[in-house]
Structures are given as structure tokens and as C-alpha cells.
Amino acid sequence: MPAVALQGVRRSFGDVVALDGVDLSVEQGDFVALIGPSGCGKSTLLRIIAGLDAGEGQVAVDRSSIAYVFQDAHLLPWRTVADNVALPLELRGVPDRGAVARALADVELTDAADRYPAQLSGGMRMRASIARALVTEPRLLLMDEPFAALDEITRNRLDERLRALWASRGLTVLFVTHAIFEATFLAERAIVMSKRPARILYDARIELGERTSAVRGEPAFAHEAGKILAALERGSE
Ligand SMILES: Nc1ncnc2c1ncn2[C@@H]1O[C@H](COP(=O)(O)OP(=O)(O)O)[C@@H](O)[C@H]1O
Ligand SMILES: [Mg+2]
């Protein structure tokens, strides 16, 4: 069974048609980047998949094991990093300090466990947000431009960390971004959406080997990014 199966999904807000007949199937364990111009309906699509919004059409998603990461870290300022990460487990009534420690180690935040959000850099706050998403061991991770506000070096590092987590945890990731190089580095499959009303314009595997930081300098990387760019340009004509 696919992790996500959408058929003919449509969503409008008054006269604004955000999504118009989107078909999308995502296999378990895949890493999919969703790319499209601002305002095209990417967040709406992710919210529908998460069950945070309702569209028309068929939506089949196993929501028993899902986590969502937003562009803002949304940490509670009065809680330490560890207590923020612990929150989803507390809300489920299954506190587990071991799971918190593992999630913090996964994002290299062990040493910052007792700090407060105001004492963290933007990249660290985002890592805390990812740890909070991972602490329940979700199978499906939905990420909506999580690193868009970070500088490029920090973003590249987080992209590398996320790729490693995806590989080691066997996650299915759906990652929204409008950054072409980021999508190329991260994903196994790139989906380009048109401007509103969003349709899928391009959907292809990214043919790259191991994603070390050096891969960004390889000709194959530029080639893959170029295909995504061409599709985006077609979609904004
Ligand atoms: N709750 C809402 N009410 C009204 N319009 C909305 C709402 N959410 C999204 N939209 C509109 O739907 C379109 C797609 O929005 P969104 O999914 O946020 O785009 P993206 O994430 O690709 O930038 C935009 O025109 C946006 O203004
Ligand atoms: Mg958005």
C-alpha cells in the first residue's frame, strides 16, 4: 500500500481554486520533493494529506504515524529543548525520556537539551523542531519549507542531516520547497507543480548516487537541477 494516495483532489477558497484535480501516489520509504511557485497550493496539499484541511476527491493516507514540520520551529519558549521535544509523548500520555534523548542525539542537540529556545540559533531551533517530530517515530514526515528562513550553509547541513535520518530510519518524507538545489540534493523523486490552480507538471526520479556534500559540485547534480528548473519555468509561463 502506498504511503499517500490522492485522486482528483480539489480545494477552493471562495473563488480561488488552489488545487484542481491532483493525483499523487507516494511509495513507502520514498523521499519526495514538492516544488512550485509561491501561492500555487503546496501547503494546501500538504495540509490535506495531514488531515489539517479537507479537500474534495479521494485521499488515502495512514495518519496513525505521521508528523508535520512547519517553516517556523514553533517551540514553546518557556520549555527547555528536551521538554519541547517531549511534548508529543506527554500529550499521548506516554512520556519516555529515552526516546527524547535518542531524538536529540539524532539531530545533534544532546548538549543543548537544557537550554531554552531563545538561547538557540535558528538552525538549532529547527533541529529541535525535527527532533520533536521524530520523537514519536513517525513513518510519514511532512515538511513545509522547514529550512527556508535559514542561511545557505546551515540549510545545507540540515539537508545532509535529514537525508541521513531518512536513510537510517526508513522514513517516508514529503518535503515542500521552492529551492531547486535543495530539492535536488534531498529527494529521490521531484514533483513540480504549476502556478495556481496547481496541477502536476513534472514527476521524475532524481538520478544521483550517494548524497555527500560533494555531490552538489558534480555535473549530474547540475543536470538534475536543470530539469526541475525547466519544468518550473514552463509552469510559470
Ligand atoms: N485558509 C485559506 N483561506 C483562503 N485562501 C487560502 C487559504 N489557504 C490558502 N489559500 C489560498 O490558496 C492558494 C494556495 O495557497 P498555499 O497552499 O498556501 O500555497 P503555497 O504553499 O504553494 O505557497 C493561495 O492563493 C492562498 O492565498
Ligand atoms: Mg506554503
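The model shown is predicted, which means the values in this text are computed figures rather than measured ones.

What counts, and where the lines are drawn
Residues numbered from 1 in each chain as written. Chains lettered and ligands numbered in written order. Predicted model: local features only at pLDDT ≥ 70, side-chain atom pairs only at ≥ 80, totals over all residues. Helix = DSSP H or I, 4+ residues; strand = E, 2+ residues; numbered from the N terminus. Rg over C-alpha atoms; globule rule 2.2 N^0.38 Å. Buried ≥ 20, exposed ≤ 12 C-beta atoms within 10 Å, placed from the backbone. Contact = placed C-beta atoms within 7 Å. Domains from an automatic or database assignment. Near = placed C-beta within 6 Å. Pairing = 2+ DSSP bridges. Axes fitted to C-alpha atoms, helices over the stretch in contact; angles between N-to-C directions. Expected span 1.5 Å × (residues − 1). Arc of directions from axis to C-beta.

K.L.:
Looking at this structure, I do not really get the overall build of the protein. What am I missing?
P.N.:
Of the regular secondary structure elements, the protein holds seven helices and nine strands. Over its C-alpha trace the protein gives a radius of gyration of 18 Å, about what one expects of a compact globule, namely 18 Å for 237 residues. Principal axes of the C-alpha set define a box for the protein whose edges measure 50 × 40 × 35 Å. When burial is assessed residue by residue, the protein has 39% of its 237 residues classed as buried. Across the protein, the fraction of contacts at a sequence separation of at least 24, relative to all contacts at a separation of at least 6, is 71%.

K.L.:
For this particular structure, what's the right way to read the domain arrangement of the protein?
P.N.:
Often the size quoted for an interface is simply the accessible area lost on bringing the parts together. Structurally, the protein comprises domain 1 (4-62 + 142-235) and domain 2 (76-138). In this structure, domain 1 and domain 2 have C-alpha centres spaced 25 Å apart. Residue-level contacts link eight residues of domain 1 with five residues of domain 2.

K.L.:
Where do I start with the site of ligand 1 in this structure?
P.N.:
Taken together, Phe13, Val16, Ala18, Gly36, Ser38, Gly39, Cys40, Gly41, Lys42, Ser43, Thr44 and Arg196 are the residues near ligand 1. Tallying contributions element by element places helix H1 (residues 42-50) first for the shell around ligand 1, with three residues.

K.L.:
How do you make sense of the sheet that holds strand E8 (residues 189-193) when you look at a structure like this?
P.N.:
Paired through their backbone hydrogen bonds, the strands of a sheet run either parallel or antiparallel. Strand order in the open sheet formed by six strands is E5-E6-E7-E3-E8-E9, and the pairing between neighbours is mixed. Because the sheet does not close on itself, it has two edges, and the strands there are strand E5 (66-69) and strand E9 (200-205). Strand-to-strand, the axes of this sheet are offset by a mean angle of 15°, without reference to chain direction. Running at roughly 165° to E5, helix H4 (residues 122-134) makes contact with E5 and strand E6 (140-144) of the sheet.

K.L.:
Help me out: how do you make sense of the environment of Leu186 in this one?
P.N.:
As for its position among the elements, Leu186 is in helix H6 (residues 180-186). Leu186 gets classed as buried once you count the C-beta atoms within 10 Å, which come to 25. A C-alpha to C-alpha distance of 14 Å links Leu186 and Leu141, two positions 45 residues apart in sequence. Setting aside anything within four residues of it in sequence, one finds Leu186 in contact with Phe31, Ala33, Asp159, Leu162, Arg163 and Phe175.

K.L.:
I keep staring at helix H7 (residues 219-235) and nothing clicks. Help me out?
P.N.:
The α-helix advances 3.6 residues per turn, and as a result positions three or four apart in sequence lie on the same side. The terminal C-alpha atoms of H7, which comprises 17 residues, lie 25 Å apart, in line with the 24 Å expected from a rise of 1.5 Å per residue. What H7 keeps buried is the set Glu224, Ile228, Ala231, Leu232 and Gly235. Projected onto a plane normal to the axis of H7, the buried residues spread over an arc of 105° and lie on a single side. Within H7, the exposed residues directed more than 90 degrees away from the buried face are Pro219, His223, Gly226, Ala230, Glu233 and Arg234. Buried-residue contacts for H7 involve strand E3 (31-35), H6, E8 and E9.

K.L.:
Would you mind going over the environment of Arg102 with me for this structure?
P.N.:
Checked against the element boundaries, Arg102 lands in helix H3 (residues 97-106). The spatial distance from the C-alpha of Arg102 to the C-alpha of Leu134 is 9.4 Å, given a sequence separation of 32 residues.

K.L.:
Can you walk me through the sheet that holds strand E1 (residues 4-13) in this structure?
P.N.:
The antiparallel open sheet is built from three strands, whose spatial order is E2-E1-E4. The open sheet is flanked by strand E2 (16-26) and strand E4 (56-61), the only strands paired with a single partner. Averaged over all pairs of adjacent strands, the angle between their axes in this sheet comes to 20°, without regard to strand direction. Where E1 lies against E4, five bridges are found, and the strand directions are antiparallel. Across the sheet, residue Val4 finds its bridge partner in E4, namely Val61.

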